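# Overview (structure and organization)
Residue strings, one per chain:
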Amino acid sequence: MIKFSILSSAACLFVIGCYVMFKPDLSDLGFIPVVATNPETASEFRSLFAGSFIAYAYLLTRFVYSYNAISIAVMIACIMGCIAFGRLVGFFYEGFNLFGLFVLLGEIFLMTVLLMAHKKRKNEIPYF
């Protein structure tokens, strides 16, 4: 019952995230009480809101089916990766802007550093 509840929540998050990320016009989201009228707001909403929901859905599903501990660095890198993907989709729908490019580079940098730190820590031998 608990696994079903978690997977149902993950499915809802995934559907809402994909709906917001790939909907061309964010001025009317129907059941979501937010209106994004200008391209900058729509781009941020598409990347942060939708990207986070998709990442959380993935992490919840991974939690249900995995018995290994998930590293905090990998979790944050996954969230950053989905947000960066949402920003790329935002570039497609709302157009390219310089601020979005700098933020995208920062998200990719953070994701890369976190994955490198995880790999380094995984290769270390604990002595205690």
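Residues numbered from 1 in each chain as written. Predicted model: local features only at pLDDT ≥ 70, side-chain atom pairs only at ≥ 80, totals over all residues. Heavy atoms only, no water.

### Let's talk about the overall build of the chain
Along the backbone of the chain there are four helices and zero strands. Ordering the α and β elements of the chain from the N terminus gives α-α-α-α. Seen through its principal axes, the chain has C-alpha atoms that stretch 55 × 40 × 15 Å. Within the chain, buried positions represent 34% of all 128 residues. Sequence separation of at least 24 residues holds for 65% of the intrachain contacts in the chain that already meet a minimum separation of 6. Total accessible area on the chain is roughly 8,400 Å²; 74% of this is exposed by carbon and sulfur atoms. The centroid of the 9 positive side-chain charges in the chain is displaced by 18 Å from the centroid of its 7 negative side-chain charges. (Helix = DSSP H or I, 4+ residues; strand = E, 2+ residues; numbered from the N terminus. Buried < 20%, exposed > 50% of the residue type's maximum accessible area, 1.4 Å probe, protein only. Contact = heavy atoms within 4.5 Å. Areas by Shrake-Rupley, 256 points an atom, 1.4 Å probe, with all protein chains shown as cover. Lys, Arg positive; Asp, Glu negative; His and termini not counted. Charge placed at Lys NZ, Arg CZ, Asp CG, Glu CD.)

### Focus: a nonpolar patch on the surface
Taken together, the side chains of F22, F85 and L88 present a nonpolar region at the surface, about 280 Å² in accessible area. Counting through the fold element by element, F85 comes out in helix 3 (residues 72-94). On the basis of relative accessibility, which here comes to 43%, the residue F85 falls in the partly exposed class. (Patch = residues over 30% accessible without salt bridge, like charges linked within 9 Å, V, L, I, M, F, W, Y side chains within 5 Å. Salt bridge = Lys/Arg side-chain N within 4 Å of Asp/Glu carboxyl O.)

### Here we look at the packing of helix 2 (residues 39-65) against helix 3
Between helix 2 and helix 3, whose axes approach to 7 Å, the crossing angle comes to 145°. As helix 2 runs across helix 3, the sense of the crossing is right-handed. For the contact of helix 2 with helix 3, the per-class residue count stands at 16 nonpolar, six polar and five charged. (Axes fitted to C-alpha atoms, helices over the stretch in contact; angles between N-to-C directions. Left-handed = near helix turned anticlockwise from the far one by under 90°. Nonpolar A, V, L, I, M, F, W, Y, C, P; charged D, E, K, R; others polar.)

Fair warning: the whole summary comes from geometry, so function is off the table for now.
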